[in-house]
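# Secondary and tertiary structure notes
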Amino acid sequence: MACGLSSNEPLLVVHWPSTTMNNNANANGGAGNQNEGANHDHQIPQHLLQHTPRPRDMMFTMTGRQLEMIYVTWAAVRMRVHQYLYQPALQLPPYQLPLDWPDETRAMIVLWIARERRMFEMEMRELEYLLGLRDRMDEEV
């Protein structure tokens, strides 16, 4: 590898604070079912409402080798999209066989892609602000 890292040395550590994964019981002060006393015949049994607490923050790491494979694949994707848009007369090369990722690595890659997509959306929104195409009051939460 060009950067001199071993294939198992973590290169990217992402801390992803979760603002949307709040537990409903925590959101309403831990009060549980707010419908108590309303209609006992149609209530969902309490044991079906109990969930494993969801993490508020999530961290994952990817090795240099994993990142290298993602960026190489991403470059191939960009070339395909560029060819599709700007050279439609050329036949697209066939897709390569997908890599066989272990489940844990696959989950980390899904999270990484979601993070990259969110970052791209934030960059485009900031570009619109800087170009005067969007008002700061239009900012989404």
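As a reminder, the structure under discussion sits directly above these lines.
Here is a short report on the structure shown in this document. Quick caveat, the model's predicted, so the values are computed rather than measured.

We now examine the overall build of the chain. Looking only at helices and strands, one finds four helices and two strands in the chain. When the helices and strands of the chain are listed from N to C terminus, the series reads β-α-α-β-α-α. Looking at the chain as a whole, 16% of its 141 residues are labelled buried. Considering only contacts in the chain between residues 6 or more positions apart, those separated by 24 or more positions represent 70%.

On to the packing of aromatic side chains, then. Applying the stated criterion across every chain yields a total of three aromatic pairs. Centre to centre, the rings of Y71 and W112 are 5.6 Å apart; their planes meet at 90 degrees, and the pair counts as edge-to-face. On the criterion of sequence distance, the pair formed by Y71 in helix α3 (residues 64-86) and W112 in helix α4 (residues 103-130) is long-range, its members being 41 residues apart. Judged by its relative accessible area of 43%, Y71 is partly exposed. The exposure class of W112 is buried, given its relative accessible area of 3%. With a centroid separation of 5.7 Å and 90 degrees between ring planes, the pair formed by W74 and W112 is classed as edge-to-face. Pair noted here: W74 is in helix α3 and W112 is in helix α4, with a separation of 38 residues, a long-range link. When its relative accessible area of 37% is taken as the criterion, W74 is described as partly exposed. Ring pairs connect the aromatic residues Y71, W74 and W112, which therefore count as one cluster.

Cut-offs used in this document
Residues numbered from 1 in each chain as written. Predicted model: local features only at pLDDT ≥ 70, side-chain atom pairs only at ≥ 80, totals over all residues. Heavy atoms only, no water. Helix = DSSP H or I, 4+ residues; strand = E, 2+ residues; numbered from the N terminus. Buried < 20%, exposed > 50% of the residue type's maximum accessible area, 1.4 Å probe, protein only. Contact = heavy atoms within 4.5 Å. Phe/Tyr/Trp six-rings, centres within 6.5 Å; stacked < 30°, edge-to-face > 60°.

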